[in-house]
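Structural overview
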Amino acid sequence: MSENIMRIIDLRGQKLSRAELLAAMPRAAMGTSEATDLVRPILDDVKERGAAALRDFEEKFDHVRPKNLRVPAEAIADALTTLDPEVRAAIEESVRRARAVAKNQVPKDFHTDLAPGARVAERWIPIQRVGLYVPGGKAVYPSSVIMNAVPAQAAGVESLAIATPPARDNAEGLPNKTILATCAILGVDEVYAVGGAQAIAMFAYGAKGSEPQDGDVLCDPVDKITGPGNIFVATAKSLVSAFVGIDAVAGPTEIGIIADKTANPSLLAADLIGQAEHDELAGSVLFTDSPELAEKVQENLNYRVPKTEHAERVHTSLSGTQSAIVLTDGLDQSIDAANAYAAEHLEIQTEDADAVVKRIKNAGAIFRGPYSPVPLGDYMSGSNHVLPTGGTARFAAGLGVHTFMKPVEVIEYDEEGLKALAARINAFAVSEDLPAHGECVLSRFVKDPYDKATLREQEIEAGLR
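About the criteria used
- Here the residue index of a chain counts from 1 through its sequence in written order.
- In view of the model being predicted, local features appear only for residues whose pLDDT reaches at least 70, and side-chain atom pairs are presented and counted only at 80 or more, with totals across whole chains, interfaces and linings using the full set of residues.
- The side-chain quantities take in all heavy atoms of the structure and omit both hydrogens and water.
- UniProt positions are given in the numbering used here, feature names are shortened, and annotations may be inferred rather than shown by experiment.
- Side-chain atoms within 4.5 Å are what join buried Ala, Val, Leu, Ile, Met, Phe, Trp, Tyr and Cys residues into a set we call a nonpolar core.
- Burial classes follow relative accessibility: with a 1.4 Å probe on protein chains only, a residue under 20% of its type's maximum area counts as buried, one over 50% as exposed, and anything between as partly exposed.
- Under the scheme used here, helices are H or I runs from DSSP no shorter than 4 residues and strands are E runs no shorter than 2 residues, and both carry numbers assigned from the N terminus.
- Residue contacts are counted whenever heavy atoms from the two residues lie within 4.5 Å of one another.
- Between the N-to-C directions of two axes lies an angle of 0 to 180 degrees, each axis being a line fitted to C-alpha atoms and, for a helix, fitted only over the stretch in contact.
- The labels follow the angle: roughly parallel below 35 degrees, roughly antiparallel above 145, roughly perpendicular from 65 to 115, and oblique for the rest.
- Each helix crossing is assigned a hand: it is left-handed if the near helix lies turned anticlockwise from the far helix by less than a right angle, otherwise right-handed if that turn is clockwise.
- Paired strands, as defined in this entry, are two strands with at least two bridges between them according to DSSP.
- Should a side-chain nitrogen of Lys or Arg be within 4 Å of a carboxyl oxygen of Asp or Glu, the pair is scored as a salt bridge.
- N or O atoms within 3.5 Å of each other form a polar contact, as long as, within protein, one can give a hydrogen and the other can take it, and as long as residues adjacent in sequence are counted only when both atoms are side-chain atoms.

The chain goes by Histidinol dehydrogenase in an unreviewed UniProt entry, where it is assigned to Bifidobacterium olomucense. Entered under Sequence similarities (unreviewed entry) in the UniProt record, the comment concerning the chain runs "Belongs to the histidinol dehydrogenase family." As stated in UniProt under Pathway (unreviewed entry), the record for the chain gives "Amino-acid biosynthesis; L-histidine biosynthesis; L-histidine from 5-phospho-alpha-D-ribose 1-diphosphate: step 9/9."

The following block contains the structure:
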């Protein structure tokens with residue numbers, strides 16, 4: 001009999017405090033201090049030397065020295081003409097669905113009238129320039145182009161730039177052709193063959209040109225950087241976040257599944273494997289109150305893992321400390337544990353999935369029922385697959401149109417509206433020992449707001465009391 005791949009965390013019979021439940025959840029061990037030491041000099045060098053540093057780092061890390069750091073327009077167009085028709089149809093359908101959802105995500109401006117001449121409005125303003133990072137590494141991710149670019153376009157972002165590493169099989173140092181073709185479909189023409197921490201530095205600081213084809217300025221700095229990446233990309237985003245916006249510092253991907261005895265163990269195993277395929281540090285966690293189901297899932301894993309193409313990677317992920325089958329006393333405890341775990345992706349495969357969905361407080365995205373698996377969201381559901389990881393779904397949300405917009409309040413008071421509040425504002429300001437605040441307001445209605453001896457009489461004379 002094969003040894004079980006996934007470890008068991010048994011919560012049955014335990015009444016855990018909130019802190020204990022959070023501590024019991026499986027997590028990937030992430031060391032960032034070493035990454036910080038490696039990344040900081042990269043950021044500094046790109047800030048100082050611009051395109052020259054970018055070419056040096058591309059040669060060092062991606063083993064190619066791109067002639068054109070900014071991808072020529074003809075290369076983007078050519079990539080679309082040579083794209084496999086089936087892949088093109090799939091990408092276009094993914095874009096269509098993502099755009100339909102993003103259109104409905106656009107927040108509406110509003111105003112509130114508080115009194116005559118007293119209005120507070122709120123405008124949602126698009127971020128002006130955004131840099132979108134699309135990772136390379138173990139796979140090619142044209143889906144990440146869609147998930148980042150579509151909501152940014154729906155938000156009305158004026159200027160979009162994409163950075164993605166050169167393809168390993170491209171002698172010219174151009175990115176993967178499917179990624180370039182996806183950019184063409186989306187109408188994004190500012191694309192850079194730059195990966196890793198150096199791409200984040202380019203977006204954060206901008207980059208001056210170093211060769212004639214670069215121009216004087218290769219890339220202007222952006223206002224916000226979004227998109228997933230490895231630990232070096234995540235560390236770079238964290239380091240520049242003091243002066244440029246970021247979506248999140250993403251960790252390894254993860255799936256949580258709440259399942260009861262009615263769930264299909266073969267499908268559960270397939271879903272756990274699907275997430276484990278991403279990365280050796282990917283987390284796969286099953287919450288169930290059925291030991292019998294847990295055992296059947298283990299049996300299915302033993303059968304399925306050796307058959308999948310990336311079996312070694314999957315096995316490493318599923319057997320790691322970040323993955324587990326969590327046994328609970330019942331559905332209530334399964335839900336509590338899942339809320340503590342706060343999965344990036346949370347599948348609900350229970351008898352009454354709708355009732356469980358209503359009780360989920362923490363998840364990047366919820367996948368309801370056996371026919372809503374995570375890969376549907378990865379590619380074509382219309383939802384966004386850039387989601388909070390590492391338990392941050394307790395306070396953070398996935399990427400969406402709101403990521404690329406800022407709510408800005410507009411205060412619209414006329415003389416009548418301010419006059420009704422002037423004396424009260426002054427009293428409030430004085431109580432905080434900020435008298436100039438009150439004097440600022442009173443100056444619009446009284447002769448001498450600095451004459452405190454006669455101020456009350458002045459207020460009465462001006463009709464402020």
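Quick word on the nonpolar core
One finds V71, I162, L186 and F404 to be the most contacted residues of the largest nonpolar core, which totals 39 residues. Contributing elements (two or more residues each) for this core: α4 (73–81), α5 (85–105), β4 (129–133), α6 (142–155), β5 (159–164), α7 (177–186) and β6 (191–193). In terms of residues, this core owes the most to one element, α6, which gives seven residues. Those residues within four positions of F404 in sequence are excluded, and the remaining contacts are I125, P126, I127, V130, L132, N148, P151, A152, A155, V157, T226 and L399. With 30 residues, the next largest nonpolar core counts V194, A201, M202 and V240 among its residues.

Let's talk about the packing of α6 against α7
Where α6 contacts α7, the two axes come as close as 9 Å, and the packing angle between them is 20 degrees. Viewed along their axes, α6 and α7 adopt a mutual orientation that is roughly parallel. Here the hand of the crossing between α6 and α7 comes out right-handed. Every residue of α7 that contacts α6 at P142, V145, I146, A149, V150 and Q153 is listed here: T178, I179, T182, C183 and L186.

Quick look at the sheet that holds β4
Pairing within the open sheet is parallel, and its five strands lie in the order β6-β5-β4-β9-β10. Every interior strand has two partners, whereas the edge strands, β6 and β10 (245–246), have only one. As judged from the three bridges shared by β5 and β6, these two strands associate in the parallel manner. Across the sheet, residue A163 finds its bridge partner in β6, namely Y192. Against the sheet, α6 contacts β4, β5 and β9 (224–226), and its axis sits at roughly 170 degrees relative to β5.

Quick look at the pattern of salt bridges
According to the stated counting rule, one finds 17 salt bridges in the structure shown. The partner of R49 in a salt bridge is D45, and the shortest N-O contact between them spans 2.8 Å. Of this pair, R49 and D45 both sit in helix α2 (residues 33–49), four residues apart, which is roughly one turn of the helix. K237 is the partner of D247 in a salt bridge, and the nearest nitrogen-oxygen pair spans 2.6 Å. Within this pair, whereas D247 is found in the loop between β10 and β11 (254–259), its partner K237 is found in helix α9 (residues 231–240), the two being separated by ten residues in sequence. Of the residues examined, D247 reaches a relative accessible area of 24% and is grouped as partly exposed.

Some remarks on the sheet that holds β11
Taken in spatial order, the six strands make up an open sheet running β1-β13-β12-β11-β14-β15, and their pairing is parallel. In the strand order of this sheet, the two ends are held by β1 (8–10) and β15 (365–368), each with one partner. Strand-to-strand, the axes of this sheet are offset by a mean angle of 20 degrees, without reference to chain direction. Bridge count between β11 and strand β14 (residues 345–349): five bridges; the pairing is parallel. Across the sheet, residue I257 finds its bridge partner in β14, namely E347. Here helix α10 (residues 265–276) sits on the sheet in contact with β11, β12 (283–288) and β14, set at roughly 165 degrees to β11. Sheet contacts for helix α11 (residues 291–304): β1, β11, β12 and β13 (324–327); angle to β13, the most-contacted strand, approximately 170 degrees.

Details of the UniProt feature "binding site: NAD(+)" (unreviewed entry) in the chain
On the UniProt side, "binding site: NAD(+)" (unreviewed entry) is annotated at positions that read Y133, Q198 and N230 here. For this annotated set, covering 98 residues, all C-alpha atoms fall within 12.6 Å of each other, a compact arrangement in space. Turning to its location among the elements, Y133 is positioned in strand β4. Side-chain polar atoms of Y133 contact the backbone nitrogen of G196, separated by 2.8 Å.

Considering the environment of V446
Summarising the element assignment, V446 is placed in the loop between α18 (435–442) and α19 (455–461). Judged by its relative accessible area of 9%, V446 falls in the buried class. Between the C-alpha atoms of V446 and V101, which are 345 residues apart in sequence, the distance is 54 Å. The residues contacting V446, other than those within four sequence positions of it, are L455, Q458, E459, A462 and L464.

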